[in-house]
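An overview of the molecular structure
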Amino acid sequence: MELIRTPQPELADLFVKTLRRNGFAVDRREADDQQIIELQNPAQYEHAHALLQELINDLRHQQHRQPVEPLTGRPQPLLSGGWFASMGWVTRGILIVCVVVFLSQYVVGFAVYNAFLFPRMVEGLGSQPWRLLTPMFLHFSELHILFNLLWWSDLGRLIERLQSGTQLVLVTVITSAASNLAQFYYSGPQFGGLSGVVYGLLGYLWIYGKLNPGAGVALRKEIVIFMLAWMVICFVGLSGVVANAAHLAGLVSGCVLGAGFGLWHRGRQAGESGER
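Residues numbered from 1 in each chain as written. Predicted model: local features only at pLDDT ≥ 70, side-chain atom pairs only at ≥ 80, totals over all residues. Heavy atoms only, no water.

**Thoughts on the overall build of the protein chain**
Stated formally: Every helix listed is a DSSP run of H or I at least four residues long, and every strand listed is a run of E at least two residues long, numbered separately from the N terminus. Each residue gets one of three labels from its accessible area relative to the maximum for its type: buried under 20%, exposed over 50%, partly exposed in between, using a 1.4 Å probe on protein chains only. Areas reported here follow the Shrake-Rupley algorithm with a probe of radius 1.4 Å; residue values treat only the protein chains shown as occluding.
Check the secondary structure of the protein chain and you find nine helices and three strands. For the protein chain, the proportion of its 276 residues judged to be buried stands at 42%. About 14,900 Å² of surface is accessible on the protein chain, with carbon and sulfur atoms providing 62% of the total.

Written out as structure tokens, the structure is:
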């Protein structure tokens, strides 16, 4: 007795496996480009048909389910395009530069690292101003770069997609400068990493989302709590290893930017509503 037919062999495979796993004896044949599944015992038709209908409904539900942005919990269909492909040019570009700089030590030694470190004296920025920002590209272990780039890719992508690449560049430059200067005055020039900027992006999104909850950038509370708790743990237990001053300065500067832009955009939106 014919139970169901489909033009998709993969779907027919799933139907047959599901039916047999649930104790139904079935046969399968092909006719007119259709995969036909037949039930050996006609008395089981209603139960077998109900099982397949439940399976089909579940498949349809999964097909229309939107991916969820892990930082905000909001549906984000753009994420279905893949992790790297869903990034904007700024997020992707800085990620690539960090990886290239990290790998350079295995090719040309520490020449790039020496050129990117913060100068030994702050006056050195006058002749080499790029060193104010370039320490953010330096990472000293696989775990260091992996942790920073995972957070950078998610936070940076969120700003670039919901606001703009220009806005991400602005926030990155300011928080990088603030965190690098703070770490220099705290511990000297031997430091590096993107974590100060990561905390800057976190602070920016956190406060901006608080002031403009309808903008879609509000971070999940668990994300903020985790990152703040990690910063405290680093201050208490990893003070000699982690760039804690950069974390704190990045977070504070990011919060200030988030408050400034958040209030400005909210005032502009209120003005536009009043004009209407």
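Still to come is the rest of the account.
**Notes on the packing of helix H3 (residues 89-104) against helix H5 (residues 142-162)**
Under the convention used in this document: For helices, the axis comes from a line fit to the C-alpha atoms of the stretch in contact; other axes are also lines fit to C-alpha atoms, and the angle between any two N-to-C directions lies between 0 and 180 degrees. For classification purposes, an angle smaller than 35 degrees is called roughly parallel, one larger than 145 roughly antiparallel, one from 65 to 115 roughly perpendicular, and anything else oblique. A clockwise turn of the near helix away from the far one marks a right-handed crossing, whereas an anticlockwise turn of less than a right angle marks a left-handed crossing. Working rule for contacts: check all heavy atoms of both residues, and any pair within 4.5 Å makes them a contact. For this classification, the nonpolar set comprises Ala, Val, Leu, Ile, Met, Phe, Trp, Tyr, Cys and Pro, the charged set comprises Asp, Glu, Lys and Arg, and every other residue, Gly included, is treated as polar.
H5 packs onto H3 with a crossing angle of 165° between their chain directions and a minimal axis gap of 8 Å. Considering their axes alone, H3 and H5 lie roughly antiparallel with respect to each other. The handedness of the crossing between H3 and H5 comes out as right-handed. Within the contact between the two elements, H3 uses Trp89, Val90, Thr91, Ile94, Leu95, Cys98, Val99 and Phe102 and H5 uses Glu142, Ile145, Leu149, Trp152, Ser153, Gly156, Arg157 and Glu160. Here the contact of H3 with H5 is composed, by residue class, of ten nonpolar, three polar and three charged.

**Some details on the sheet that holds strand S3 (residues 34-39)**
Going by this rule: Criterion used throughout: strands pair if DSSP finds at least two bridges between them.
Taken together, the three strands give an open sheet; going across it, the order is S1-S3-S2, and neighbouring strands pair in antiparallel fashion. Both edges of this open sheet fall to strand S1 (2-6) and strand S2 (26-31), since each of them pairs with a single strand only. Each strand axis lies, on average, 20° off the axis of its neighbour in the sheet, ignoring direction. In the sheet, S1 pairs with S3 via four bridges, with the strands oriented antiparallel. From the neighbouring strand, Arg5 faces S3, where its bridge partner is Ile36. Strand contacts of helix H1 (residues 9-21): S1, S2 and S3, with the helix running at about 165° to S2, the strand carrying the most contacts.

**Overview of the packing of aromatic side chains**
As a reminder of what qualifies: Within 6.5 Å between ring centres, the rings of Phe, Tyr and Trp (the latter by its six-membered ring) count as paired, and their orientation is classed by plane angle as stacked under 30 degrees, edge-to-face over 60, tilted in between.
Summed over the entire model, instances satisfying the criterion amount to twelve aromatic pairs. Between Phe116 and Phe137, the ring centres sit 6.2 Å apart and the planes meet at 50°, which makes this aromatic pair tilted. Of this pair, Phe116 sits in helix H4 (residues 111-116) while Phe137 sits in the loop between H4 and H5, and the two are 21 residues apart along the sequence. Judged by centre distance (5.3 Å) and plane angle (70°), the rings of Phe184 and Tyr185 are edge-to-face.

**Some details on the pattern of salt bridges**
Formally: Between Lys or Arg on one side and Asp or Glu on the other, a salt bridge is scored when a side-chain nitrogen of the former is within 4 Å of a carboxyl oxygen of the latter.
Tallied over the full model, the rule gives five salt bridges. A salt bridge links Asp13 to Arg28, with the shortest nitrogen-to-oxygen separation between them at 2.2 Å. In this pair, Asp13 is assigned in helix H1 and Arg28 in strand S2, connecting sequence segments 15 residues apart. By relative accessible area, Asp13 is classed as partly exposed at 33%. Among the residues examined, Arg28 registers a relative accessible area of 33% and is labelled partly exposed.

**Observations concerning empty space enclosed by the protein**
Note the following rule: Using only the protein atoms, space was sampled on a 1 Å grid; points where a 1.4 Å probe fits but cannot get out form cavities, open sets with protein on both sides within 12 Å along at least five of seven lines form pockets, and lining residues are those with an atom within 4 Å of a point. Grid points are joined across faces, edges and corners, and a volume is the space filled by probe spheres set on the points.
Under the counting rule described, the total for this entry stands at one cavity of 30 Å³ or more. Empty space within the largest cavity amounts to approximately 40 Å³. Lining the largest cavity, in full, are Ser179, Asn180, Phe191, Gly192, Gly193, Ser195, Gly196, Ala243 and Ala246. Breaking the lining of the largest cavity down by element, the ones donating at least two residues are helix H6 (165-187) and helix H7 (195-211). Here the lining of the largest cavity is composed, by residue class, of three nonpolar, six polar and no charged.

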